[in-house]
Amino acid sequence: MDTDQNPEAKPKKTVGPSSTSAYRDPQYWDERFSNEEHYEWLKDYSHFRHLIQAHIKPGSSVLELGCGNSQLSEELYKDGITEITCTDLSAVAVEKMRERLSYKGYKEIKVLEADMLDLPFSNECFDVVIEKGTMDVLFVDSGDPWNPQPETVTKVTAMLESVHRVLKPDGIFISISFGQPHFRRPFFNAPKFTWSFEWITFGDGFHYFFYISRKGRRSPNCEESCEKHDQPSINLLHEELESEDYIFG
């Protein structure tokens, strides 16, 4: 994981909370973002840039969910994707992100405080919605991954409904996640959604999942046709175990 530090200073290691349940506590995130300048969940942009470029065109209107203190929006901007709106539930994260982007000259990027379960945007207004590790937080303490708790099902469904609503008729939802396809498929393939369900893996040793859902492209027989591009071999490396990412399996 990369942190945005003074190169002359000794890097600080981000320390997670004492229990995973804290990840569902807004106060935890406000306190964390107050003291942390930059943290990348599920690898930084360089690891999946080739996948982004294959699915997001310059000129696309992009909504990033749960921006936190990630540099994803800045990297997208550098690649010519300039119509970007970032959202986060934490007011602290939003204010610090606004200040950072303004300082760096990325004044076209909008940053708003918003709940991804009930996005405050009109219907069909974005070409792309992207999230990186944000939906994974909803699965913390969800119980049996094959049969998650009702609260988890309700929240994940609300998020996907909100994303589906704000996407244009031919829009794309990109979800970068630890969650494996056999656990995600039941949510993405719910009858109410019209999108396709595909994924690509990336990463060395431990694989991450790059999900692509194209609105209006759902196959009549989605269970058979919505298949993976690669089959990952799960192998946690020492560096992953020292990060926070492994908790979202």
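Model, not experiment: these values are computed from the prediction. Along each chain, residues carry numbers from 1 onward, in the same order as the chain's sequence is written. The model is predicted, so local features are restricted to residues of pLDDT at least 70 and side-chain atom pairs to those at 80 or more, both for listing and for counting; the totals for chains, interfaces and linings are taken over all residues. In computing side-chain values, all of the structure's heavy atoms are included and hydrogens and water are not.

A. Region of interest: the overall build of the protein chain. Segments assigned H or I by DSSP are reported as helices when at least four residues long, segments assigned E as strands when at least two residues long, and all are numbered from the N terminus. A count of helical and extended segments in the protein chain gives eight helices and seven strands. Within the protein chain, the fraction of its 249 residues that count as buried is 50%. Calculation of accessible area relied on Shrake-Rupley with a 1.4 Å probe; when residues are assessed, cover is drawn exclusively from the protein chains displayed. A total of about 12,200 Å² of accessible surface is found on the protein chain, and carbon and sulfur atoms cover 49% of it. Burial classes: relative accessible area under 20% of the type maximum marks a residue as buried, over 50% as exposed, and values in between as partly exposed (1.4 Å probe, protein chains only).

B. Here's a closer look at unusual backbone geometry. One non-glycine residue, E124, lies in the positive phi region at around 50°. The topology assignment puts E124 in the loop between β3 (110–113) and β4 (126–132). Owing to a relative accessible area of 43%, E124 belongs among the partly exposed residues under this scheme. Notably, D141 is not glycine yet its phi reads approximately 55°, a positive angle. Within the secondary structure layout, D141 lies in the loop between β4 and α5 (150–166).

C. Structural context of the pattern of salt bridges. What makes a salt bridge here is a side-chain nitrogen of Lys or Arg within 4 Å of a carboxyl oxygen of Asp or Glu, nothing more. Overall, the coordinates contain 10 salt bridges when judged by the stated rule. A salt bridge links K132 to E40; its shortest N-O distance comes to 2.8 Å. With K132 in strand β4 and E40 in the loop between α1 (26–35) and α2 (49–55), the pair connects residues that are 92 residues apart, well separated along the chain. The buried category is assigned to K132, whose relative accessible area is 9%. For E151, the salt bridge is made with K155, and the minimal N-O distance between the two is 3.2 Å. Remark: K155 and E151 occur in helix α5; sequence separation between them is four residues, near one turn of the helix. Here E151 falls in the partly exposed class, since its relative accessible area comes to 45%. Taken together, the shared-partner salt bridges in this structure form one network comprising E74, R100 and K104.

D. Region of interest: α5. For a helix, the expected span equals 1.5 Å multiplied by the number of residues minus one. A rise of 1.5 Å per residue sets the reference length of α5, with its 17 residues, at 24 Å; its end C-alpha atoms lie 25 Å apart and thus fit the reference within 8%. Here α5 has its buried residues at T152, V156, T157, M159, L160, S162, V163, H164 and V166. In this fold, the buried residues of α5 make contact with β1 (61–65), β4, β5 (167–177) and α6 (181–188). Residue contacts are defined here by distance: any two heavy atoms, one from each residue, within 4.5 Å place the two residues in contact.

E. Quick look at helix α4 (residues 91–104). With 14 residues, α4 should reach 20 Å at 1.5 Å per residue; the first-to-last C-alpha distance of 20 Å fits that figure. Of all the positions in α4, only A93, V94, M97, R100 and L101 are classed as buried. Down the axis of α4, the buried side of the element spans an arc of 135°, and every buried residue falls inside it. Of the residues flanking the end of α4, it is G105, one or two places downstream, whose phi is positive at about 90°. In this description, one arc is meant: the one made by directions from the helix axis to the C-beta atoms.

F. Structural context of the sheet that holds strand β7 (residues 208–214). Strand pairing is assigned whenever DSSP identifies at least 2 bridges connecting the two strands. Spatial strand order, β3-β2-β1-β4-β5-β7-β6: seven strands in an open sheet with mixed pairing. On the outer flanks of this sheet lie β3 and β6 (198–202), each paired with one strand and no other. Across the sheet, the axes of successive neighbouring strands diverge by a mean angle of 20°, strand direction being ignored. Contacting β2 (83–88) and β3, α4 crosses the sheet at an angle of about 165° to β3. Packing against the sheet, α6 makes contact with β5, β6 and β7, and its axis sits at approximately 20° to β7. Fitted lines through C-alpha atoms give the axes, limited to the stretch in contact for helices. The angle between two N-to-C directions lies from 0 to 180 degrees.

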